[in-house]
Amino acid sequence: MSATQQDNELPERFRTLSQFVSAWSLPTEQERNRKRRSSSMEEIRRFYNAMLPEMAAIAEHLSAFSLDDLPEKERRLLNLALSFMEVALAVEVYSTPDVPGAIEAERLAILTR
Amino acid sequence: MVEEIDVNNSDGSEPLPGPQHVPVGPNISAQYFELERQRIFRRVWLQIGRAEAVPNPGDFFVRRLEVLGTSVLVVRGRDGQLRAFHNLCRHRGNRLVNQPHGSARAFTCGFHGWTYDCEGALVGIPLESEFRGCDRAQLGLIPLALDVWEGFIFVHLQTSPETSLRKYLEPISGMLDGFPFAEMELSGWWGATLTANWKTFQDAFIEAYHVLAVHRRSIPDFRADPIVPSAQPLGRHCKLTYYQNLHHKPKPAEALAFKLGSAAFLNVNNTDQLPNRRWPSLNVENRDNWVFDEFVIFPNFHLFLGDGWMLCHEFWPIDVDHTNWQVKYYQRRTTSPAVRIAQEYSKVAMRDAIREDLSTIESTHAAQRSGVMAFMTLSPTLESLIVHHHNTVAGFVKGLDT
Ligand code: FES
Ligand SMILES: [Fe+2]
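So, how was this worked out
- Residues numbered from 1 in each chain as written.
- Chains lettered and ligands numbered in written order.
- Predicted model: local features only at pLDDT ≥ 70, side-chain atom pairs only at ≥ 80, totals over all residues.
- Heavy atoms only, no water.
- Helix = DSSP H or I, 4+ residues; strand = E, 2+ residues; numbered from the N terminus.
- Buried < 20%, exposed > 50% of the residue type's maximum accessible area, 1.4 Å probe, protein only.
- Contact = heavy atoms within 4.5 Å.
- Axes fitted to C-alpha atoms, helices over the stretch in contact; angles between N-to-C directions.
- Parallel < 35°, antiparallel > 145°, perpendicular 65-115°, else oblique.
- Left-handed = near helix turned anticlockwise from the far one by under 90°.
- Nonpolar A, V, L, I, M, F, W, Y, C, P; charged D, E, K, R; others polar.
- Pairing = 2+ DSSP bridges.
- Core = buried A, V, L, I, M, F, W, Y, C linked by side-chain atoms within 4.5 Å.
- Domains from an automatic or database assignment.
- pLDDT = per-residue confidence, 0-100.
- Polar contact = N/O pair within 3.5 Å; in protein donor to acceptor, adjacent residues only side chain to side chain.
- Donors = N, O, S within 2.8 Å, 3.2 Å for Na, K, Ca; no water.
- Tetrahedral: all angles 85-135°; square planar, octahedral: opposite > 155°, others 65-115°.
- Arc of directions from axis to C-beta.

Give me the lowdown on the overall build of chain B, citing residues and values where you can.
Helices and strands together make up the secondary structure of chain B, namely 10 helices and 19 strands. On the principal axes, the C-alpha backbone points of chain B span a range of 95 × 55 × 35 Å. For chain B, with 402 residues in total, the buried portion stands at 56%. Looking at chain B alone, contacts between residues at least 24 apart form 64% of all its contacts between residues at least 6 apart.

Spelled out as structure tokens, the structure:
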């Protein structure tokens, strides 16, 4: 198995989502928001539509673990799910990647550690 | 024939006052700002953070407070005590700490190496023999008063303020004593510096009237009942209670978030898990569609308390035309990944809505700055606390507050 495949690896049950790992499994709010804003609606919808039917199962799978002690694959899956919530606002609320009519994204510093 | 207009409320209570005219002069005058600096910010308790951000001896953070013309170092000593100092070295005044936060055994000035311990004592002078007769005991870091209420760290520029923190916060201190703040942890932290007066910035966060227009995209079905939030002046502070549309239909991700256990700032259906709404000083009218209470702690700290979350806004004036603002979002502490996923929805929705809030502030300030408009015309009900806040500021500036 190549290194790239390993980096993309998710728990077996969610293998079909591994195509999204490199783009969307991001560890910080700032990176997830930046990815959302720099993506097209097509790209966002493709990710959203793939994730939506799996979200309940993802939450259930991760419930067997504690946030303090997440194995690597589960951590990747969690970060995918967090990106899903980030783009959900674009899909369900704003119908565009960023927030229309708001102050420019660059003016708001995301300081979350 | 002119019909007689009944200005009384139908229930026979007192007629409502007319629109309130609040002058814009205080938002744009540099002289007025100088008086605010002297008579408000140098004379009151100011909130600068949470104690759990500095849990261990040696933990510190630094805040530049332009309005006080100083940088403040908050550090926990080896004795466990929190202290605040002006962040400057007693030798020639160089800024002592440049890191915004961290943990230290001691602080060494980068200019000539004078060293201070975590309690502020000067403990080392390189080539000290060349400073014959210099008494180190007299040259510790210069303190500000610091006190902590329910985990919130406040500082006061005077070393012994005439009013204790507790007394200053009345009656809010009494209303929230014992509130489970420690059950929440920091999950989002955002900031911006805007070209706007600090009061204009705050005004965008002391009423719900704007929701209909500013948040028309994010909260399109906002139909709170009652539409006028319950507003309560509390001496120099005040409190506003917000309601929402209980019949809001959540979209899929939002519905999932509610199911997994996060109360977003919007719709709340699962009231059993949500104890904050029953805290005696929150949701005092005991309405199902309560969403949060906002405490405006004079002069520049707004504390929003909802179910399972809180939001802490700080508005720091730089000068009459510029304000640095920081907001921290806290959610119920969890080790559950499912709850964490749910909370992310609430956090992102909050952050995006706040970016909508920020969209009007600079243009409002710029227009007021033009001098074309002498006063704002505010609703005595929907915007009563903006009036209250501006009146309180004016009272301090005139020297009326004791
Ligand atoms: S100014 Fe700090 S050691 Fe000289
Ligand atoms: Fe708002």
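So what's going on with the packing of helix α4 (residues 41-51) of chain A against helix α6 (residues 72-94) of chain A? Residues and values would help.
Residues and elements named next belong to chain A. It is the contact of α4 with α6, at a shortest axis distance of 9 Å, that shows an interaxial angle of 125 degrees. In terms of their interaxial angle, α4 and α6 are classed as oblique. The chirality of how α4 crosses α6 is left-handed. Across from Met 41, Ile 44, Arg 45, Phe 47, Tyr 48 and Met 51 in α4, the residues of α6 making contact are Leu 80, Ala 81, Ser 83, Phe 84, Val 87, Ala 88, Ala 90, Val 91 and Glu 92. For the contact of α4 with α6, the per-class residue count stands at 12 nonpolar, 1 polar and 2 charged.

Which residues make up the side chain of A:Arg76, and what values do they have?
Within the secondary structure, A:Arg76 is located in helix α6. Not counting residues up to four positions away in its chain, the partners in contact with A:Arg76 are A:Gln6, A:Asp7, A:Asn8, A:Glu9, A:Leu10, A:Val21 and A:Ser25.

Provide a residue-level description of the pairing of strand β13 (residues 230-234) of chain B, including the pertinent values.
All names here are of chain B. With 5 bridges joining them, β13 and strand β14 (residues 237-243) adopt antiparallel strand pairing. Counterpart to Ser 230 in the pairing with β14 is Thr 241. Counting the residues between successive antiparallel strands, the hairpin from β13 to β14 contains 2 residues, one of them, Gly 235, with a positive phi of roughly 65 degrees.

Can you break down the sheet that holds strand β11 (residues 152-156) of chain B residue by residue, with the values?
Residue and element names in this part refer to chain B. Taken in spatial order, the 7 strands line up as β2-β11-β10-β5-β4-β3-β6 in an open sheet, and their pairing is antiparallel. Every interior strand has two partners, whereas the edge strands, β2 (46-50) and β6 (101-103), have only one. The average angle at which neighbouring strand axes cross in this sheet is 25 degrees, direction not considered.

Lay out the nonpolar core with the relevant residues and their values.
Nonpolar side chains in soluble globular proteins tend to end up buried together. B:Leu176, B:Leu303 and B:Leu358 are the most contacted members of the largest nonpolar core, which totals 97 residues. Element by element, the count of residues in this core is highest for helix α10 (residues 384-397) of chain B, at 7 residues. Domain assignment of the residues forming this core places at least three in each of domain 1 (46-162) and domain 2 (174-397) of chain B. Sequence-distant contacts of B:Leu176, defined by excluding residues within four places in its chain, comprise B:Trp149, B:Glu150, B:Phe181, B:Trp279, B:Ser281, B:Phe295, B:Leu303 and B:Leu305. Grouped together as the second largest cluster of nonpolar side chains are 43 residues, A:Leu17, A:Phe20, A:Phe84 and B:Ala338 included.

So what's going on with the sheet that holds strand β18 (residues 322-332) of chain B? Residues and values would help.
Here we have 8 strands laid out as an open sheet, ordered β1(A)-β12(B)-β18(B)-β17(B)-β16(B)-β15(B)-β14(B)-β13(B), and antiparallel in their pairing. Unpaired on one side and paired on the other, β1 (109-110) of chain A together with β13 of chain B mark the two borders of the sheet. Pairing of strand β15 (residues 290-297) of chain B with strand β16 (residues 301-305) of chain B, which is carried by 5 bridges, proceeds in the antiparallel orientation. The partner of B:Ile297 across the bridge, within β16(B), is B:Phe301.

So what about the confidence of the model for chain B? Which residues, and what values?
Regions with low pLDDT carry predicted coordinates that are not meant to be interpreted in detail. Residue and element names in this part refer to chain B. When pLDDT is averaged along chain B, the result is 91; 92% of the residues meet or exceed 70. Confidence over residues 1-10 falls short of pLDDT 50; this stretch has 6 contacts with residues more than four positions distant or in other chains. What the predictor reports for the complex is a pTM of 0.93 with an ipTM of 0.96.

How would you summarise the side chain of B:Gln326 if you had to cite specific residues and measurements?
Tracing the backbone through its elements, the reader meets B:Gln326 in strand β18. Owing to a relative accessible area of 15%, B:Gln326 belongs among the buried residues under this scheme. Looking at B:Gln326, its side chain comes within polar contact range of the side chain of B:Trp189, at 2.8 Å. Discounting chain neighbours no more than four positions away, the residues touching B:Gln326 are A:Leu111, B:Arg63, B:Trp189, B:Trp190, B:Gly191, B:Cys312, B:His313 and B:Glu314.

Describe the coordination of the iron ion (ligand 2), listing the residues and the values that go with them.
All names here are of chain B. Each protein donor to the iron ion (ligand 2) is listed here as His 210 (NE2), His 215 (NE2), Asp 357 (OD) and Asp 357 (OD); together their distances run 2.0 to 2.7 Å. Geometry at the iron ion (ligand 2) is irregular, judged from its 4 donor atoms and the angles of 53 to 140 degrees they form at the metal. The class for His 215 is buried, based on a relative accessible area of 4%.

Let's hear about helix α9 (residues 361-369) of chain B: which residues, and what values?
In an α-helix there are 3.6 residues to a turn, and that puts residues three or four apart on one side. Residues and elements named next belong to chain B. By the burial criterion, the buried members of α9 are Ile 361, His 365 and Gln 368. Along the axis of α9, the buried positions cluster into a sector of 65 degrees, meaning they face one direction only. On its buried face, α9 is in contact with α1 (25-28), β12 (184-194), α5 (198-203), α8 (337-357) and β19 (375-378). Trailing α9 by a residue or two, Gly 371 shows a phi angle of about 80 degrees, which is positive.

Summarise unusual backbone geometry; cite the residues concerned and give the values.
Residues and elements named next belong to chain B. Along the chain, Glu 170 connects to Pro 171 via a cis peptide bond; the corresponding omega equals 0 degrees. Secondary-structure assignment places Pro 171 in the loop between α3 (165-169) and α4 (172-176). For the bond running from Phe 298 to Pro 299, omega is 0 degrees, close enough to zero to count as cis. Despite not being glycine, Glu 150 has its phi angle at roughly 50 degrees, a positive value. Even without a glycine there, the phi angle at Asn 283 is positive, about 45 degrees. Assignment of secondary structure puts Asn 283 in the loop between α7 (252-260) and β15.

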